[in-house]
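One-letter residues, chain by chain:
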Amino acid sequence: MELPRLENVDLAGKRVFLRVDFNVPIENGKVTDKTRIEKTLPTIELLLKKGARVIIASHLGRPKGQVNPEFSMAPVVEVFKGLVKANVLFSKNVIGDDVVQMSKELKEGEILVIENVRFHKEEEENEPGFSKKLAALADVYVNDAFGAAHRAHASTEGIAHLLPAYAGLLMHKEIVELSALLSRPARPFVAIIGGSKVSSKIKVLTNLFDKVNHLLIGGGMAYTFLKSRAVPVGNSLVEKEFEVQAFQLIEKAGVAGVDLQLPVDHIIADSFSDKAKTKSVDKMGILEGWMGMDIGSKTVANYEKIIKNAGTIFWNGPMGVFEMDKFANGTMAIAKAIAKSKAKTVVGGGDSIAAINKAGVADKITHISTGGGASLEFMEGRKLPGVEALKKKEVE
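Cut-off values and rules
- Residues numbered from 1 in each chain as written.
- Predicted model: local features only at pLDDT ≥ 70, side-chain atom pairs only at ≥ 80, totals over all residues.
- Heavy atoms only, no water.
- UniProt positions renumbered as here; feature names shortened; annotations may be inferred.
- Buried < 20%, exposed > 50% of the residue type's maximum accessible area, 1.4 Å probe, protein only.
- Helix = DSSP H or I, 4+ residues; strand = E, 2+ residues; numbered from the N terminus.
- Arc of directions from axis to C-beta.
- Contact = heavy atoms within 4.5 Å.
- Salt bridge = Lys/Arg side-chain N within 4 Å of Asp/Glu carboxyl O.
- Polar contact = N/O pair within 3.5 Å; in protein donor to acceptor, adjacent residues only side chain to side chain.

- The protein has the name Phosphoglycerate kinase in an unreviewed UniProt entry, where Leptospira stimsonii is given as its organism.
- Quoted verbatim from the Subcellular location (unreviewed entry) field of UniProt, the annotation for the protein is "Cytoplasm".

1. Considering helix α3 (residues 74-81)
- Taken together, the buried positions of α3 are occupied by Val76, Val77 and Phe80. Buried residues of α3 fall within an arc of 100 degrees about the axis and therefore sit on the same side.

2. Observations regarding the environment of valine 233
- Here valine 233 lies in the loop between α10 (222-228) and α11 (243-256).
- The residues contacting valine 233, other than those within four sequence positions of it, are Tyr223, Leu226, Lys227, Val238, Ile286 and Trp290.

3. Some words on the pattern of salt bridges
- A complete count under the given rule lists 15 salt bridges for this structure.
- With a shortest N-O distance of 2.5 Å, arginine 5 and glutamate 7 are connected by a salt bridge.
- Of the residues examined, glutamate 7 reaches a relative accessible area of 32% and is grouped as partly exposed.
- As a salt-bridge pair, lysine 121 and glutamate 122 come within 4.0 Å of each other at their nearest N and O atoms.
- Looking at lysine 121, the relative accessible area reads 47%, which means it is partly exposed.
- Taking the relative accessible area as the measure of exposure, glutamate 122 reaches 22% and is therefore partly exposed.
- Because the salt bridges share partners, they merge into one network encompassing Glu377, Glu380 and Arg382.

4. Concerning the UniProt feature "binding site: substrate" (unreviewed entry) in the protein
- Here the UniProt feature "binding site: substrate" (unreviewed entry) sits at Asp21, Phe22, Asn23, Arg36, His59, Leu60, Gly61, Arg62, Arg118 and Arg151.
- Within the secondary structure, aspartate 21 is located in the loop between β1 (15-19) and β2 (26-27).
- The buried category is assigned to aspartate 21, whose relative accessible area is 6%.
- Only 3.2 Å separates the side chain of aspartate 21 from the backbone nitrogen of asparagine 23, close enough to count as a polar contact.
- Not counting chain neighbours up to four residues away, the residues in contact with leucine 60 comprise Phe22, Asn23, Val24, Ile26, Phe71, Ser72, Met73, Val76 and Asn116.

Right, here's the structure in full:
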């Protein structure tokens, strides 16, 4: 996929509207994970080196089109200031004459961060008038927010039609790495898919059938698959309306020659709590009144053998309720197995990234995708509006 690149563009003195994904976790007013900020620093440093005046925009959380101090970019800006060698200004407004004036007064090499674009409902509506007001802040548009590329919003899609538009370095890397997974993976290609709901993963599973050699299933979604095979799952999370589709997916995997593996043992609990009673059970099933919370040691061993011999690995979704330490072993074991593998490894999704960081193996992963929903939709074979809007050379 050819995208307009930044490297050979003259940006000296020009105002660049840079859409990033600084949608980072915040607790008690403090940023708890800087990964998404750090990932876009190479693009920012390139723009500054080129003498651009940078206007940064991002969303944060879901303020539902209203100003909400809980979702202000202010705490993010404080962390960002400590990561860049530039004078960083902050506008409490997103659009308006005062923001336009601030953008015009920016000096070469300075950065202006504007407030949360989702404080305006027109952002998610992709309202043309709002896109024009955003475009008034700059001469050039750069999208480095792969994590929001699956959204056709004003700052990710609408504005790209109004200014010369380019892909940031992170955006380009994400597309290159994920495209390689779908078109030319080293084999065996192993996909590890977890998370709570099978309903959110049906499309990606279906699209992977003609691409992968092994499909390893974990997390809450595994219990819908097991229930479809008449395996007792007790009080585990099951999407009853998707049992038939889960059964059909197992059948389709067989027809496609894909080795689809489900957990053969489980760590179960008598309640959804880190203080619950726990025990290990095998493939005969989960007791009534108990629920599956993590994959068991036999499943971990099965999955580790496949991971060890892989040529390419794609991981999306945890193996259990890893936020609770007593149910984190399966996810941590898979994270460490992936890190030890000699395969090309790509990890996508917020929970999977958190697991990689928790296991302390982020530096052993070939590519950590900043886009949860975006990486999944890309792997489903869907076109991403934020990417498609960049695929034209001139302003329309």
